[in-house]
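Remarks on the overall topology
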Amino acid sequence: MSGGSVAGAQIPGRRTTVRVVVVGDRGTGKSSLIAAAASENFPENVSPVLPPTRLPADYYPDAVPVTIIDTSSSLEGKAKLEEELNRADVVVITYACDKPETLSRLQTFWIPEVRRLKVKAPVIVVGCKLDLRDEHYPVSLEQVMAPIMQQFREIETCIECSAANLVQVPEVFYYAQKAVLHPTAPLFDQESQTLKPRCIRALKRIFILCDHDMDGALNDSELNEFQVKCFNAPLQPAEIVGVKRVVQEKVPEGVNDLGLTLTGFLFLHALFIEKGRLETTWTVLRKFGYNDDIELRKENLPVPSKKAPDQSIELTSEALDFLMGIFSLFDSNNDGALQDSELDELFSTAPESPWDEAPYKNSMERTELGDIRLSGFLSQWALMTLLDPAKSLAYLIYLGYTNDPATALRATRKRTLDVKKQQSDRHVFQCFVFGPKNAGKSSLLNSFVGRSFQNSHGSSGYQSYTVNAVDQLRATKKTLILHEILEDDVKQFLSSKESLAACDVAVFVYDSSDEYSLKRASEFLMDVARRGEDTGYCVPCLFVAAKDDLDSYPMAIRDSEAICQELKIDAPIRISVKKREMNNIFWRIVNAAERCHLSVPETEYGRNMKQYRHIVNRSLMLASVGAAAAVIALAAYRTYASRKTHSAS
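Criteria and cut-off values
Residues numbered from 1 in each chain as written. Predicted model: local features only at pLDDT ≥ 70, side-chain atom pairs only at ≥ 80, totals over all residues. Heavy atoms only, no water. Helix = DSSP H or I, 4+ residues; strand = E, 2+ residues; numbered from the N terminus. Areas by Shrake-Rupley, 256 points an atom, 1.4 Å probe, with all protein chains shown as cover. Salt bridge = Lys/Arg side-chain N within 4 Å of Asp/Glu carboxyl O. Buried < 20%, exposed > 50% of the residue type's maximum accessible area, 1.4 Å probe, protein only. Polar contact = N/O pair within 3.5 Å; in protein donor to acceptor, adjacent residues only side chain to side chain. Contact = heavy atoms within 4.5 Å. Core = buried A, V, L, I, M, F, W, Y, C linked by side-chain atoms within 4.5 Å. Pairing = 2+ DSSP bridges. Axes fitted to C-alpha atoms, helices over the stretch in contact; angles between N-to-C directions. Parallel < 35°, antiparallel > 145°, perpendicular 65-115°, else oblique. Nonpolar A, V, L, I, M, F, W, Y, C, P; charged D, E, K, R; others polar. UniProt positions renumbered as here; feature names shortened; annotations may be inferred. Phe/Tyr/Trp six-rings, centres within 6.5 Å; stacked < 30°, edge-to-face > 60°. Lys NZ or Arg CZ within 6 Å of the ring centre and 35° of its normal.

1. Describing the overall build of the chain
Across its full length, the chain holds 22 helices and 21 strands. Carbon and sulfur atoms form 52% of the exposed surface of the chain, whose accessible area is close to 32,200 Å².

This is the structure:
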């Protein structure tokens, strides 16, 4: 594998310009450096602060123009300086080689100032006026800068130059441009001198994609194909031999009888980076669709567009078949479940495991040993697809989904249309769980993924989502997502017009032994019902009497049933998570979501609105009938008049 030339190559995701901001103490040579770079001459007279200076696209091999911004170090120009630093792609900080105090200021003021402003751009340190350094006091740049670079990791490169003698002037802005187009930080850990995990994972995926015969090594043909794809130039046989020899000398396991192994592939990229040839690795990554954060570029992820808020995104059967195959492939001991180590290996070609953080962590069912069965694995993918379709699609591709990405996801029908058709076409339903504190919402969510009452109660912390498969009639399975809405968040949540658009069914949980709990749950039910009527996103609602193992307060059953009768929804479903008496609650939730035209609460306000609309529609219909009758009468009169005229003549 060779670095190859990337000059002028149109690489997807490449920047179209680089903005360099030059800062430093007064008199360190900022303006002279910029003027010399632009004119290739040393200017005798130069303005204290130059206007923006542009180096054209053909100035450097990457064919990307550079805009250089000069700055003033005076107090009056502080606000402008801060503004420019915040807009910088890269910062050049100058010091004067003949004034050691300006180098000290680099450490005590300039880099701390860049940090204070939270500037994320890389930093290039430039020693100007090299021609004026005292010859009797030779200084090694490496010796001086090594401890400074150790202290300030944002420094990408250090270089010394002389504008007067035109020594290394173009190189200053070449390194500045390179720090933006081919940054070190995402790829390489300077401290440990190793490739960073994300870089390793991306290169591993690229290696697997190029290993067409899947024998764990790139043979000469595969290496050549890789080289042509990335650098538009084939490798000569002698070059392939040379590459393998270099790898074998340093890492013997990097080459075997079949070709270049993953170890050797990674070693080569680490070698390129150590030698300052970061453009080689970046060219490879970008050719395979990665951006500067070593993630797949968003524009390459064709997520189906939701034309209405009450649509959702689901995996297609093609994507599910692929995931089932992946599950089997990484279930190395064939026990029907993935251990954490197997799951880590499964995601080893992705930037990281997507399920280590909220809302995915602890949201799926695990075995007693903590492993994940296929149903839990597919359910978790359904959750990720619903909440973040672009992320789900990207991870399918990281795992090796090579079909057209557009075949992986689908947009469901609008739920308002489902209501009209009195059936749903969805395979994944989202249930919002409302209720006051201590009503039993979290216990309900935890029981859904098989966590026992003792293990879940007050120990695992707040879990916003849980997801699992639910067996339906006719041997079909649906995926149900339970999403808990905290009591304190309900008001703000319902303030959004589209708050209920993503909800397939709402459940209202109350402690059946607590009169106040029932009162609060019924208030939430009324709020949701009214919001649905106002926005048009009416949802089926179920009332759930939790903690049925406790003694109910007097009149509890009558009060709760009266609420349901008033709103014309089913009687409360009584459950006890503690006693595992769940009364088919999850099946009933899915059933309500499927039969989306039923169990929709109707408030007095809603009934009045419906009656009003009925009267208006009836009036409009009568008016239109009357107008039609008038038109017919007029036409009949004209016909009669016409006939009368003809008969008279």
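2. Digging into the pattern of salt bridges
Tallying each qualifying case throughout the model produces 36 salt bridges. Here Glu84 makes a salt bridge to Lys80, at a shortest N to O gap of 3.3 Å. Of this pair, Glu84 and Lys80 both sit in helix H2 (residues 78-87), four residues apart, which is roughly one turn of the helix. A relative accessible area of 47% places Lys80 in the partly exposed class. With its nearest N and O atoms 2.9 Å apart, the salt bridge here joins Glu345 to Lys204. With Glu345 in helix H12 (residues 340-346) and Lys204 in helix H6 (residues 197-210), this residue pair connects regions lying 141 residues apart in the sequence. Overall, the relative accessible area of 17% leaves Lys204 in the buried class. Taken together, the salt bridges that share partners define one network made up of Lys437, Glu487, Asp488, Lys519, Arg520 and Glu523.

3. Focus: the side chain of Thr53
With respect to the helices and strands, the residue Thr53 is situated in strand E2 (residues 53-55). At 3.2 Å, the side chain of Thr53 and the backbone oxygen of Pro51 are in polar contact. With sequence-adjacent residues up to four places away left out, Thr53 is seen in contact with Ile34, Ala38, Val66, Thr67 and Ile68.

4. Regarding the nonpolar core
Formed by 74 residues in total, the largest nonpolar core has its most connected members in Ile206, Phe377, Trp381 and Leu396. Every residue in contact with Phe377, bar those within four places of it in the chain, is listed here: Leu323, Phe327, Leu338, Leu343, Leu346, Trp355 and Ile372. Listed in part, the 29 residues of the second largest apolar core include Leu33, Leu55, Cys128 and Leu181.

5. Overview of the sheet that holds strand E9 (residues 217-218)
Pairing in this open sheet of three strands is antiparallel, and the strands run E9-E11-E10 from one edge to the other. Both edges of this open sheet fall to E9 and strand E10 (255-256), since each of them pairs with a single strand only. The sheet contact formed by E9 and strand E11 (residues 259-261) spans two bridges and is antiparallel. Counted as the bridge partner of Leu218 is Leu260 from E11.

6. Here we look at the pairing of strand E6 (residues 155-160)
The side chains of a regular strand alternate, residue by residue, between the two faces of the sheet. Counting buried residues in E6 gives six out of six residues, a clear majority hidden from the surface. Where strand E5 (residues 123-128) meets E6, five bridges bridge the pair, whose relative direction is parallel. The partner of Val123 across the bridge, within E6, is Ile155.

7. A look at the packing of helix H8 (residues 237-250) against helix H9 (residues 262-274)
In a packed pair of helices, the relevant descriptors are the angle between the two axes and the axis-to-axis distance. In contact at an axis separation of 10 Å, H8 and H9 are set at 95 degrees when each is read in the N-to-C sense. Taken together, the axis directions place H8 and H9 in an arrangement best described as roughly perpendicular. Residues Val243, Val246, Val247 and Lys250 of H8 touch H9, and the partners they reach there are Gly264, Phe267, Leu268 and Leu271. Here the contact of H8 with H9 is composed, by residue class, of six nonpolar, one polar and one charged.

8. Quick notes on the UniProt feature "domain: EF-hand" (unreviewed entry) in the chain
Under the feature "domain: EF-hand" (unreviewed entry), the UniProt entry names residues 318-353. With 56% helix and 6% strand, the stretch residues 318-353 has end C-alpha atoms that lie 22 Å from each other.

9. Focus on the packing of aromatic side chains
By the definition in use, this model includes 21 aromatic pairs. Considering the side-chain rings of Trp355 and Trp381, the 5.8 Å spacing of their centres and the 75 degrees angle between planes classify their relative orientation as edge-to-face. In this pair, Trp355 is assigned in the loop between H12 and strand E14 (372-373) and Trp381 in helix H13 (residues 374-387), connecting sequence segments 26 residues apart. We note that Trp355, like Trp381, is buried. Between the aromatic rings of Phe448 and Phe586, the centroid separation amounts to 4.5 Å while the plane-to-plane angle is 40 degrees, which identifies the pairing as tilted. Of the two residues, Phe448 is situated in helix H16 (residues 441-448) and Phe586 in helix H21 (residues 585-594); the sequence distance between them amounts to 138 residues. With respect to burial, Phe448 and Phe586 carry one shared label: buried. Following the ring pairs from residue to residue traces out a cluster consisting of Tyr290, Phe327, Phe347, Trp355, Phe377, Trp381, Tyr395 and Tyr398. The lysine or arginine in question, Lys229, covers the ring of Phe288, its NZ or CZ lying 4.9 Å from the ring centre.

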